[in-house]
Amino acid sequence: MEYVARGCLVATLVGTCLTPLLALAAPASSTLAAHIIFQERVVTGQILSADDNSSIPGVSVVIKGTTQGTNTDADGKFRISVPSASSVLVFSAVGFVTQEITVGNQSAVNITLASDLKSLSEVVVVGYGVQKKSQMTGAISSVSAKEISELPITNAQQALQGRAAGVDVNMAGSKPGATPQIRIRGRRSFNASNDPLFVVDGIPLASGIEDINPNDIASMEVLKDASSTAIYGSRGANGVVIITTKRGTPGRTTVSVDAYTGINQSLGRIDVMNGAEFAEYKRESRRAVNAYTTDEALFEPVEMESIQMGRSTDYPAALLRTGAIQNYQIGVSGGTEKTQFNISSNYFQDKGVVKNQDFTRFTFRVNLDHRINNRIKIGTSTLGVYSLRNGENFNPLGGALAENPLGKPFDDNGLMIFLPTQDGLRTNPYAEIVPGAIIDERKNYRIFNSLYGEVDIISGLKYRFNFGPDFKIDRYGQFFGRQTNARRGADPTANVFNRFQFNYTLENILTYTKQFNQVHNLNVTLLQSFQKNHDERSEIRVTGVPAETQQFYNLGNASLVNGVGTGLSEWALLSYMARVQYDFKEKYLLTATMRADGSSRFGANNQFGYFPSVAVGWNIADEPFMQTIRALDVLKLRLSYGVTGNTAINPYQTQALLSRTSYAWDNTAAFGYRPGSIGNPNLRWESSATSNAGLDFSFWSGRISGSLEYYITNTTDLLAPQPLPNSTGFGGFTTNIGHTRNRGIELTMTTVNVDKGDFTWTTDWMFGRNKEEIVELANGKVDDVAAGRFIGQPLSVVFDYRKIGIWQTNEAEEARKYQSVVGEIKVQDVNGDGLINADDRVILGSAIPDFIAGVTNRFSYKGIDLAFFLYARAGQFIVSGFHQGNNTLAGRYNNLDIDYWTPTNPTNDFPRPNVNQETPRYSSTLRYFDGSFLKVRNINLGYNVPANWASKLKMQSLRVYSSIQQPFIFSEYRSKYKGIDPEVELDNGPSNENRAIGSDLSPATMVITFGINAKF
């Protein structure tokens, strides 16, 4: 059998060999004989907690040296068959110290398990394996299933906010189905992606995790330093998020029901003028130029009618509603010693507070593990998803905020008036939400699999094969009817976009684990991996849909085809990796990794990149000279250095591509092709070199525990466009330029504040500070003002004039020197030359915060539990787009309800209205604010029904709870400047331009839910 296994290994590495594996599945005759010789006996018992003598459900009870085992039930009881009196039972559970008991002549084994408050003994996923926290040498943050379940979230990424130090998670507004933006330890690249790599059940993804049901997640690990991310090589520069889904365990079958339902309410909205305020604003715009005489001469008839009647239309209010959220999940898990399973089905729906915006998702998951015999194990994680999103790009609020409140939206018979005023560009915002007028719909289908097979070749040597196919079909359709602002009575338009993605990963992994002389522990991992991505796209855009009920389903009937397009994009990645983990007495630790990646995205001269890392650790608390310090449980020092890469650029950028052009051929129009881009076969990888120092600690039996990190990351050979003179015929080409740096400090800490009898109070603390800066650009240490990039500053900054007030009446003469008048915006003459020009622009701030922090308090008293979570960002600069876009001067559009300058109100906040100016001079200076905030992110109150009550309902356990998400936002931007939610993404993607808070942003919401967690 040994020769067969070795032959199978070689054959599997080349993609064949199935029959020998199946042959190994037949049990040996000697094994059968062993079962005949020993007569099995049944052992029963109950497991209690040493802390409060309560029963512990879900304890793993396994016969040592075998895979035979079971789990305790809701009352902490178990029943297991053992082969002999010398059998040893191993009792283990998360949060408790493992115990081993020899059965002997006992038929009943009742024990108590002591709490294990030394969290550093937990096992975490580190990529291509697991490791005890006490043996970790890298910087890794973990978020548990419990923390994820405390929040009613759509996307698992939201659970990382404020829970993982060094992870900056931002999500603007409340649009259903929106994906938050994640940046781990800052941004590094100008043009390549700054998004982290997501790994689900061992398979690196080419897309995001928005389809993953948060309820299915067992844990999330965030790999932050180069020592931990180097195993993913060219994709690890921006950090790695490893997601492990829930799997079955041996024991009784458990049916779980998790459900919640609730409402969403708008947490404030943009404040605009009512009818009377707008009328006065319009009058003032004429007074400014001495053009106001009477209301009858100024206002059109419908406006006069509204003024006389005191009628004012609040258009945004009619577009908002009380939203609804609901989530229902049924799961079945359990198994035997050989086969374990976890099956779940989930329905989730989020109806947003803006009408016609909603998101619905159906997920079905099967996680299956089966041991064919004592040497071979196979398994799968299969996910099926269907989601429907309405209103992804439907944003009616911006138009409603600008609509004249003196207009008349309905006639006397209640019929809608398409043009509420005589302004032909301002249509009725209510027309946007008429059923069928605008359709904005995305359907997504996805099947993701993680298949594996494991073979124990010899003692300590294991081979694993991973195959991860990922199918994704995306269909996005839009339709705009005649009676909408986009068409204004013209023919309807429609378009359909289809996308098919197929990505697969093949991995061959060899792992060797050996202990020498009971003091030397060695683990070696070898990997060969191949990943390929196939992405097809097609689109058609038309005008003149004959019947609006056809929407975008019969585009062939349209009178005009505006455009047809198809596309194909492919890339591949070939990788090799070796990792060595060694420790001496679990006291002195060493991890060394080398990964080589070959990418089809890079030129022939630099297709392969090499990414090494090394880390050391020292468990100082295990030293003899530390044993006298009784308060100290754990003290571990970690140092690491490594290099990772970034390959996240679009394919084909190294190649010289052609573009279609039109020309005249003998006076006849024709198409031809010309050089469209300059190739760069020398394009190479971005490289990020990170040094990390960490300190893990635990005091007083875990009463205070946590970790402190300091890091420096230098990223060189940045992938960025380099401009060329227009005389070359090209705008530029992609090359490697520049150098950026990130430096920061992180603190994660848990404190057990009170632990007395039935009452416990614990607090999780998180703090992170990162400084992001540009070190060099294309011309060395020289600013690129045109691109908005400055040495020593973050990758994107706010570079503009500084508003210092409004020109006042006593400053009329000085204002004229600067070609301004009283009542206009006054900006600073930085260089004092008596002129306001481009030289007076300064760096005002950046979207990068000074620090981020999170605090979670958890209280437990008997069956009652309470948790509340605070999240803060401080020092970031935000761009509030509607403070500029909804601040016009002519009185044509409705305006923010602001404190504007008049001769009798000499404010320094906002300029005087002026019919001769559509927008103020230096209007961009009105949109910059300090975006610091403190949010009460979540309050969760629950009650665990006593076990004896639950058992009467035929349940193992039952918990009922209520949750309030984001009930309060404390920010000067909201309280003083009438802003909405100051939380916004750092940038708009690869270009790193500042993301603005727009008037069409779905408002922040408070979510109130009620739910149950039941197990049968």
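Quick caveat: nothing in here was measured; it's all calculated off a predicted structure. By convention here, each chain's residues receive numbers from 1 onward along its written sequence. Two thresholds apply to this predicted model, a pLDDT of at least 70 for residue-level local features and 80 or more for giving and counting side-chain atom pairs, whereas whole-chain, interface and lining totals are computed over all residues. The side-chain figures draw on all heavy atoms in the structure; neither hydrogens nor water molecules are used.

(A) Broad picture of unusual backbone geometry. Even without being a glycine, Asn290 presents a positive backbone phi close to 60 degrees. Its location among the elements puts Asn290 in the loop between α6 (275–287) and α7 (295–298). Only protein chains enter the accessibility calculation, which uses a 1.4 Å probe. A residue is then buried if its area is under 20% of the maximum for its type, exposed if over 50%, and partly exposed in between. Look at Asn290 and you get exposed, because its relative accessible area is 74%. Of note, Gln819 is a non-glycine position whose phi angle comes to about 55 degrees, a positive value. The class of Gln819 is exposed, set by a relative accessible area of 57%. The secondary structure listing takes helices from DSSP runs of H or I that are at least 4 residues long and strands from runs of E that are at least 2 residues long, numbered from the N terminus.

(B) Local environment of helix α8 (residues 301–309). The set of residues buried in α8 consists of Val302, Glu303, Met304 and Ser306. By the convention used here, residues are in contact when the closest approach between their heavy atoms is within 4.5 Å. Buried residues along α8 sit against α6 and α7. Gly310 sits one or two residues past α8 and shows a positive phi near 70 degrees.

(C) Focus on the environment of Gly127. Here Gly127 shows up in the loop between β8 (123–125) and β9 (130–132). A relative accessible area of 1% places Gly127 in the buried class. With 101 residues separating them along the chain, Gly127 and Ser228 place their C-alpha atoms 7.9 Å apart. Leave out the neighbours within four places in its chain, and Gly127 touches Ile231, Tyr232, Ile242 and Arg579.

(D) Representation of the domain arrangement of the protein within the structure. Where a domain begins and ends is set by an automatic assignment or by a domain database. According to the domain assignment, the protein contains domain 1 (41–113) and domain 2 (123–248). Each of domain 1 and domain 2 has a C-alpha centre, and these two points are 35 Å apart.

(E) Region of the structure containing the UniProt feature "domain: TonB-dependent receptor plug" (unreviewed entry) in the protein. UniProt positions are given in the numbering used here, feature names are shortened, and annotations may be inferred rather than shown by experiment. The sites that carry the UniProt feature "domain: TonB-dependent receptor plug" (unreviewed entry) are, in the present numbering, residues 133–240. Annotation note: span residues 133–240, helix share 8%, strand share 25%, distance between end C-alpha atoms 18 Å.

(F) Quick look at α6. One less than the residue count of a helix, multiplied by 1.5 Å, gives the span that helix is expected to have. For α6, spanning 13 residues, the distance from its first C-alpha to its last is 19 Å, which sits close to the expected 18 Å at 1.5 Å a residue. Of the residues making up α6, those classed as buried are Gly275, Phe278, Ala279, Tyr281, Lys282, Arg283, Glu284, Ser285 and Arg286. Here a polar contact is taken to be a pair of N or O atoms separated by no more than 3.5 Å, where protein atoms must pair a possible hydrogen donor with a possible acceptor and residues adjacent in sequence count only if both atoms sit in side chains. The distance from a side-chain oxygen at the start of α6 to the backbone nitrogen of Ala276 is 3.2 Å, and the residue carrying that oxygen is Asn274.

(G) Representation of the environment of Gly460 in the model. For Gly460, the location among the structural elements is in the loop between β22 (438–458) and β23 (461–480). Sequence-wise, Gly460 and Val59 are 401 residues apart; in three dimensions their C-alpha atoms are separated by 27 Å. Excluding residues that lie within four positions of it along the chain, Gly460 makes contacts with Thr511, Tyr512 and Thr513.

(H) The arrangement of the nonpolar core in detail. What makes a nonpolar core is a set of buried Ala, Val, Leu, Ile, Met, Phe, Trp, Tyr and Cys residues whose side-chain atoms join them at distances within 4.5 Å. Counting residues in each nonpolar core, the largest one holds 35 residues, and the members touching the most others are Ile270, Phe882 and Ile997. Elements represented by at least two residues in this core include exactly α6 and β38 (825–827). With three residues, the top contributor of residues to this core is α6. With residues near it in sequence (within four places) discarded, Ile997 still touches Ile878, Val879, Ser880, Gly881, Phe882, Tyr973, Ile980, Asp981, Pro982 and Val984. Core analysis: the next-biggest nonpolar cluster, separate from the first, contains 26 residues, Val143, Ile148, Ala156 and Ile217 among them.

(I) How the structure looks around the sheet that holds strand β2 (residues 60–63). At least two bridges found by DSSP between two strands are what make those strands a pair. The sheet built from four strands is open, its strands ordered β3-β2-β5-β6 with antiparallel pairing. The open sheet terminates on both sides in strands that have one partner only, identified here as β3 (69–71) and β6 (99–102). Adjacent strand axes in the sheet meet at a mean angle of 20 degrees when their direction is disregarded. Both β2 and strand β5 (residues 88–92) contribute to a ladder of four bridges, which runs antiparallel. Bridging across to β5, Val61 finds its partner in Phe91. Here an axis means a line fitted to C-alpha atoms, over the contact stretch when the element is a helix, while the angle between two N-to-C directions is reported on a 0 to 180 degree scale.

(J) Here's a closer look at the packing of aromatic side chains. Ring pairs shown here join Phe, Tyr and Trp side chains whose ring centres sit within 6.5 Å, with only the six-membered ring taken for Trp; geometry is labelled stacked below 30 degrees between planes, edge-to-face above 60, and tilted in between. Following the criterion strictly, the structure yields 31 aromatic pairs and no others. Residues Phe608 and Tyr610 carry aromatic rings whose centres are separated by 6.4 Å and whose planes lie at 25 degrees to one another, so their mutual orientation is stacked. On the accessibility criterion, Tyr610 (55% relative accessible area) is exposed. An aromatic cluster of three or more residues is present, and its members are Tyr328, Tyr347, Phe362, Tyr386 and Tyr445. Positioned above the aromatic ring of Phe933 is the side chain of Lys935, whose terminal nitrogen or guanidinium carbon lies 5.1 Å from the ring centre. When the NZ atom of lysine or the CZ atom of arginine is within 6 Å of a ring's centre and also within 35 degrees of its normal, the charge is said to sit over that ring.

(K) Quick look at the pattern of salt bridges. Just to be clear on terms, a salt bridge is a Lys or Arg side-chain nitrogen sitting within 4 Å of an Asp or Glu carboxyl oxygen. A full pass over the atoms with the stated rule returns 54 salt bridges. Glu773 serves as the salt-bridge partner of Arg743, at 3.1 Å between the closest nitrogen and oxygen. One end of the pair, Arg743, is in strand β34 (residues 732–756); the other, Glu773, is in strand β35 (residues 759–776), with 30 residues separating them in the sequence. Since its relative accessible area comes to 9%, Glu773 is described here as buried. A salt bridge links Asp764 to Arg858; its shortest N-O distance comes to 2.5 Å. Taken together, the residues span a long stretch of sequence, with Asp764 in strand β35 and Arg858 in strand β40 (residues 851–861) at a distance of 94 residues.

(L) Inspection of the sheet that holds strand β1 (residues 41–49) at higher detail. Within the open sheet, the three strands sit side by side as β4-β1-β7. Their pairing is mixed. In this open sheet, the two strands that pair with only one neighbour each are β4 (77–82) and β7 (111–113). When strand polarity is set aside, the average angle formed by the axes of neighbouring strands in this sheet is 35 degrees. In this sheet, β7 lies alongside β1 in parallel orientation, the contact comprising three bridges. Within the sheet, the bridge partner assigned to Ile47 lies in β7 and is Ile111.

(M) Broad picture of a nonpolar patch on the surface. Patch membership requires more than 30% relative accessible area and the absence of a salt bridge. Residues of like charge join within 9 Å; the nonpolar side chains Val, Leu, Ile, Met, Phe, Trp and Tyr join within 5 Å. Residue-level accessible areas treat just the shown protein chains as cover; the underlying method is Shrake-Rupley with a 1.4 Å probe. A surface patch of nonpolar side chains, amounting to about 760 Å² of accessible area, comprises Tyr588, Leu590, Val614, Val616, Trp618, Phe625, Leu637, Leu639 and Tyr641. At the level of secondary structure, the elements contributing two or more residues to the nonpolar patch comprise β27 (588–599), β28 (608–619) and β29 (632–646). Locating Trp618 in the fold gives a position in strand β28.

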